[in-house]
Amino acid sequence: MASDEIVWQYIGHSHCSFKLKLPGHNSKQINTFCRNEHNVTGLCNRQSCPLANSRYATIRSDPATQRLYLYIKTVERSHLPSRWWEKIRLSSNYTKALQQVDERLIYWPKFLMHKCKQRLTRLTQVRVRAQKLAKEEERLGERMVTRMAPKIRRREETRERKAEAAAKIERAIERELVERLRSGAYGDRPLNVEENVWKKVMRGLERSQEGERDADLDDGVLEEEEEDVEYEYERETGEREEAEVEYVSDMEETDDEAGDMEEFDDWLGGKSDDALSEDDGEEEDDSGSDAEGGTAAALKQKLEGLKRKRAEAAVPKPRKKPSKGPKTNIEYEYVPDPPRRELELAR
Amino acid sequence: MASHKNPEKIGNKIKRREVQLKSKKQKESTRRDDRLRRRRHEDKNPELRQVRQAKNVPSTIDSKRTWDEANEDEGAEARLGASVDVLNPKRRKVVEEEKQRPEDIDPEAHQADGLEDDEEAVPVGVLGMDVVDEAKDDADSMLDSASEDEEGANDNEENEKDPPDRAESEAPSAVPSTATTAATDLALTPEALIQKFPTFFANTDKDPKVLVTTSINSPLHWEAQLLTSLFPGSSYVKRTAHYHSYKYSIREISAYAANKGFTHVVVLNEERKRPKGLDIVALPAGPMFHFSISNWVEGAKLPGHGNPTNHYPELILNGFRTSLGLLTAHLFKSLFPPRPEIQGRQVVTLHNQRDYIFLRRHRYVFREKRATEKLIQGTDGKPMKGVEEIRAGLQELGPRFTLKLRRIDQGIQRASGQEWEWKGGDEKVRTRFSL
């Protein structure tokens, strides 16, 4: 007890490591605070200093459980520093806790009891508010999106720039749109194309089909199975090469052009759409291998002959009438147009 | 005056600079001459150019893309975050072989069944039949024109010697990937993935109804309005009425929206008065996707921009290859009405390149090619046939921004558990991408 005075004379007036001096709102004010965790008021006073008082009481909360404890320091234990503080758990009920403090600190100086009760009140209020906030946080879900570390942010910016350069987005868009147009996803008479442009597309397609036909015919029966089944979905470049190849006639490409149709109609002895469309239906369902096997050889011969004539016919304009081949029953596997890439129909 | 260490080095700075400049110009000049000479030479004989270009194909990160090891079990496709090329035609090849040896496969399939409890087991032995079904189905649910991968096709061709010219991502294949695919929107979506998110992939034909809102106390009202113009059938509702009002949580909002018949809730997050993130909730109680936004530019700031009309736009989805990518692509697809009005000539593009999803909005027109323009190139680098006289002109509309997928929650918000989360460690390998 006697040592309290001496302690205070030093730490109060000279140096205390817990002492904190901060300016107040007036320029003249300087407030001294105490950073000691057992201080009941938080200010640096003779009465509030836990180091300069052998008899002291304070309220502190357990950070884990948020329960409030009453800490009491008595003179009797002042020679046992490790056992200075007696820790008493208070009821979580505020009024009960107040009563507990009352009975524990009975006959103690009014200052300490009063300040303890004030601190108890404040800490309960803090606890209630913290719980409310936590609940609100939990209800709202996340509020804070953390900032990205600068290194990562910079890295991502750079990568995004490079990715954008590599992407060539507008080219890709153009390619895709034109592909849709070419494959007929927009229908027969699309609303988003002008007349002359659409005509150009059609013409371009015919030309490309004819060119390909010639090349393909030489290949004969290729990997029938796969290609056939897949070909519908190969929208790439309109080269429906392998599968449909054998029996392709020029005719189906020139369907749209009335002039060519007539020519070929005559040439083939009137066999045009009907036969073709029939075969079309068949082919779509199965791999068409059966049909092909039988007539492959015969057709190949025919088409070889046709090819040469067609090539001649195609090049000069106006066309020469192709010489009529022998009138035989040629069975054509009708190869439909490149698969319509239909617009999304959410099934 | 040169030091003995480096005899070339000139001590005088001015002189040194002159000499370096001179040598640089000299080098550049010789290279330029060579280049122009080569060009003149090749103009006469274009085949030389093609030969040379075929030989000197530049290697890009995209061509060097690395994939994680793919397990062949059925659940592999549903595992998000494994960078596995789900739409790889190579995997189709595997399926082809398997089809021919069903007896070998069956025990394995059953084993796989046993291992994966919740993951459905696709009876692999039934593949053959499924293929045929697939063909029939795909004839109906046709090509999803919404989802193409042009860029990827190129890579893929270089990778394998398969029948080339195969569009990679969404062109439905009669031969499915390892798992059989029921006919779906994104026709090549593996079955496993679909079954993992049944409500998400359950497609209806009705138009989506999108609720756009922002984060709490956010000032981005104008940007949110722009988003409503982007998504047809969407409406913007302010998140907070005023600063002291009750703050509704995303969960609550989703519940209300689901009751009112909305299909998606889109939340625009902000940082320092700029859009920073986009959270999309697939109702009801669907997976929640978190994206981060970078480079948000609104339409008015774009040079030569146009004003959007309210026609339903077409959709282009490029570059989504893994399961995660397919999931995201499906999300974007579901945000837009399934039947676009092509007379509006508007197209919204979501182009995924190296995990960055670039969203662009254009008005297009097909026009005749001018003499000075080049031909349209296909993914193989060669000009596309049949359309030699056409170009597509694009006018940019509306906002453009870049999205990056950061997280997918199973339910709504973090507490409901994450399907996938972005981690910086994933990006350590330069060539590995998750989408």
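Residues numbered from 1 in each chain as written. Chains lettered and ligands numbered in written order. Predicted model: local features only at pLDDT ≥ 70, side-chain atom pairs only at ≥ 80, totals over all residues. Heavy atoms only, no water.

Undergrad: Outline the overall build of chain A, supporting the account with residue identities and numerical values.
TA: A tally of regular secondary structure across chain A gives ten helices and five strands. For chain A, buried positions account for 43% of its 347 residues. Across chain A, the fraction of contacts at a sequence separation of at least 24, relative to all contacts at a separation of at least 6, is 55%. Of the roughly 19400 Å² of accessible surface on chain A, a fraction of 52% belongs to carbon and sulfur atoms. (Helix = DSSP H or I, 4+ residues; strand = E, 2+ residues; numbered from the N terminus. Buried < 20%, exposed > 50% of the residue type's maximum accessible area, 1.4 Å probe, protein only. Contact = heavy atoms within 4.5 Å. Areas by Shrake-Rupley, 256 points an atom, 1.4 Å probe, with all protein chains shown as cover.)

Undergrad: Give me the overall build of chain B: which residues, what numbers.
TA: Along its length, chain B carries eleven helices and twelve strands. The 435 residues of chain B split such that 53% are buried. Taking the contacts inside chain B whose residues are at least 6 apart along the sequence as the reference set, 66% of them involve residues at least 24 apart. A total of about 20800 Å² of accessible surface is found on chain B, and carbon and sulfur atoms cover 51% of it.

Undergrad: Which residues make up the side chain of Ser48(A), and what values do they have?
TA: Residues and elements named next belong to chain A. Tracing the chain through its elements places Ser 48 in the loop between β2 (30-34) and β3 (56-61). Take Ser 48: its relative accessible area is 0%, and that puts it in the buried class. If we ignore the near neighbours within four places in the chain, the residues touching Ser 48 are Asn 39, Thr 41, Leu 43, Asn 53, Tyr 56 and Phe 111.

Undergrad: A description of the confidence of the model for chain A should follow, citing residues and the corresponding values.
TA: Considering every residue of chain A, the mean pLDDT works out to 74; 59% of them sit at 70 or more. Predicted confidence for residues 219-242 of chain A stays below pLDDT 50, and this span has 90 contacts to residues more than four positions away or in other chains. (pLDDT = per-residue confidence, 0-100.)

Undergrad: Run through the nonpolar core, naming residues and quoting values.
TA: Residues Leu227(B), Leu278(B), Phe291(B), Phe332(B) and Leu403(B) are the most contacted members of the largest nonpolar core, which totals 47 residues. When residues of this core are assigned to their parent elements, the largest contribution, seven residues, is made by helix α11 (residues 323-335) of chain B. If sequence neighbours within four positions are ignored, Phe332(B) has contacts with Phe291(B), Leu315(B), Leu317(B), Phe320(B), Leu350(B), Ile357(B) and Leu403(B). Ranked by size, the runner-up nonpolar core spans 25 residues in total, among them Leu177(A), Val201(A), Leu205(A) and Val347(B). (Core = buried A, V, L, I, M, F, W, Y, C linked by side-chain atoms within 4.5 Å.)

Undergrad: Describe the confidence of the model for chain B, with residues and values.
TA: Residues and elements named next belong to chain B. Mean pLDDT over chain B works out to 76, with 72% of the residues at or above the 70 mark. Counting interchain partners and residues more than four positions distant, the pLDDT-below-50 stretch residues 91-185 has 224 contacts. Overall fold confidence for the complex sits at a pTM of 0.62, while the interface term, ipTM, reaches 0.72.

Undergrad: Before we move on, could you go through the pattern of salt bridges and cite the residues and values that matter?
TA: Going through the model one piece at a time under the given rule, you end up with 32 salt bridges over all chains. As a salt-bridge pair, Arg155(A) and Glu427(B) come within 3.7 Å of each other at their nearest N and O atoms. Taken together, the residues span two chains, with Arg155(A) in helix α4 (residues 150-167) and Glu427(B) in the segment after β12 (418-421). Owing to a relative accessible area of 24%, Arg155(A) belongs among the partly exposed residues under this scheme. Of the charged contacts in the structure, one is a salt bridge between Glu164(A) and Arg360(B), with a shortest N-O distance of 2.6 Å. With one member in each of two chains, Glu164(A) in helix α4 and Arg360(B) in strand β9 (residues 356-368) form a pair that bridges those chains. Residue classification places Arg360(B) among the buried positions, given a relative accessible area of 4%. Each of Arg155(A), Glu156(A), Arg159(A), Lys404(B), Arg406(B) and Glu427(B) takes part in a single network of salt bridges with overlapping partners. (Salt bridge = Lys/Arg side-chain N within 4 Å of Asp/Glu carboxyl O.)

Undergrad: Let's hear about unusual backbone geometry: which residues, and what values?
TA: Residues and elements named next belong to chain B. Look at the link from Leu 283 to Pro 284: it is a cis peptide, with omega at -15°. A positive phi angle is found at Asn 217, which is not glycine, with a value near 55°. Among the structural elements, Asn 217 can be located in the loop between β2 (210-214) and α9 (221-230). Overall, the relative accessible area of 34% leaves Asn 217 in the partly exposed class. Backbone geometry at Lys 273 places phi at a positive 65°, although glycine is not the residue there. Here Lys 273 shows up in the loop between β4 (264-271) and β5 (274-282). Using a relative accessible area of 59% as the deciding quantity, one classes Lys 273 as exposed.

Undergrad: Let's hear about the packing of aromatic side chains: which residues, and what values?
TA: Taken as a whole, this structure holds twelve aromatic pairs over all chains when the rule is applied. Taken together, a centroid distance of 6.5 Å and an interplanar angle of 45° make the contact between Phe320(B) and Phe332(B) tilted. Taken together, the residues span a long stretch of sequence, with Phe320(B) in the loop between β7 (314-318) and α11 and Phe332(B) in helix α11 at a distance of twelve residues. Within the aromatic cluster, the residues linked to one another by ring pairs are Phe197(B), Phe200(B), Phe201(B) and Phe289(B). Directly above the ring of Trp108(A) sits Arg55(A), whose terminal nitrogen or CZ lies 5.6 Å from the centroid. The ring centre of Tyr69(A) lies 4.6 Å from the NZ or CZ of Lys87(A), which sits over that ring. (Phe/Tyr/Trp six-rings, centres within 6.5 Å; stacked < 30°, edge-to-face > 60°. Lys NZ or Arg CZ within 6 Å of the ring centre and 35° of its normal.)

Undergrad: Give a description of helix α1 (residues 2-13) of chain A that names residues and reports values.
TA: Residue and element names in this part refer to chain A. Taking 1.5 Å of rise per residue, twelve residues should cover 16 Å, and α1 covers 17 Å from first to last C-alpha, within 8% of that figure. For α1, every residue scored as buried is listed here: Asp 4, Trp 8, Ile 11 and Gly 12. The buried side chains of α1 occupy one side of the element, clustering within an arc of 90° when seen end-on. Opposite the buried face of α1, at more than 90 degrees from it, the exposed residues are Ala 2, Ile 6, Gln 9, Tyr 10 and His 13. Where the residues of α1 are buried, they touch β1 (19-23). (Expected span 1.5 Å × (residues − 1). Arc of directions from axis to C-beta.)

Undergrad: Run through the sheet that holds β3(A), naming residues and quoting values.
TA: Residue and element names in this part refer to chain A. The strand order across the open sheet built from three strands is β3-β4-β5, with neighbouring strands paired in antiparallel fashion. Each of the sheet's edge strands pairs with one partner strand only, and the pair in question is β3 and β5 (85-89). The sheet shows a mean angle of 25° between the axes of neighbouring strands, direction not considered. With five bridges connecting them, strand β4 (residues 68-73) and β5 associate as antiparallel partners. Within β5, the position partnered with Ile 72 by the bridge is Glu 86. Where helix α3 (residues 110-140) meets the sheet, its contacts fall on β3 and β4, and the angle it forms with β3 comes to roughly 5°. (Pairing = 2+ DSSP bridges. Axes fitted to C-alpha atoms, helices over the stretch in contact; angles between N-to-C directions.)

Undergrad: Would you mind going over the pairing of β9(B) in detail, with residue names and values included?
TA: All names here are of chain B. Counting buried residues in β9 gives ten out of 13 residues, a clear majority hidden from the surface. Both strand β8 (residues 346-353) and β9 contribute to a ladder of eight bridges, which runs antiparallel. In the strand pairing of β9, Asn 352 is matched with Ile 357. Here β8 hands over to β9 after two residues, with Arg 354 in that stretch at a positive phi of 55°. As paired strands, β9 and strand β11 (residues 400-409) are joined by three bridges and run antiparallel to one another. The residue of β11 that forms the bridge with Leu 359 is Phe 401.

Undergrad: Got a sec to walk through a positive patch on the surface? Specific residues and values, please.
TA: Taken together, the side chains of Arg31(B), Arg32(B), Arg35(B), Arg38(B) and Arg39(B) present a region of like positive charge at the surface. With respect to the secondary-structure elements, Arg39(B) resides in helix α1 (residues 13-44). (Patch = residues over 30% accessible without salt bridge, like charges linked within 9 Å, V, L, I, M, F, W, Y side chains within 5 Å. Lys, Arg positive; Asp, Glu negative; His and termini not counted. Charge placed at Lys NZ, Arg CZ, Asp CG, Glu CD.)

Undergrad: Before we move on, could you go through the environment of Trp222(B) and cite the residues and values that matter?
TA: All names here are of chain B. Among the secondary structure elements, Trp 222 is positioned in helix α9. Classification of Trp 222 as exposed rests on a relative accessible area of 51%. Along the primary structure Trp 222 and Tyr 236 are separated by 14 residues, whereas in three dimensions their C-alpha atoms are 10.0 Å apart.

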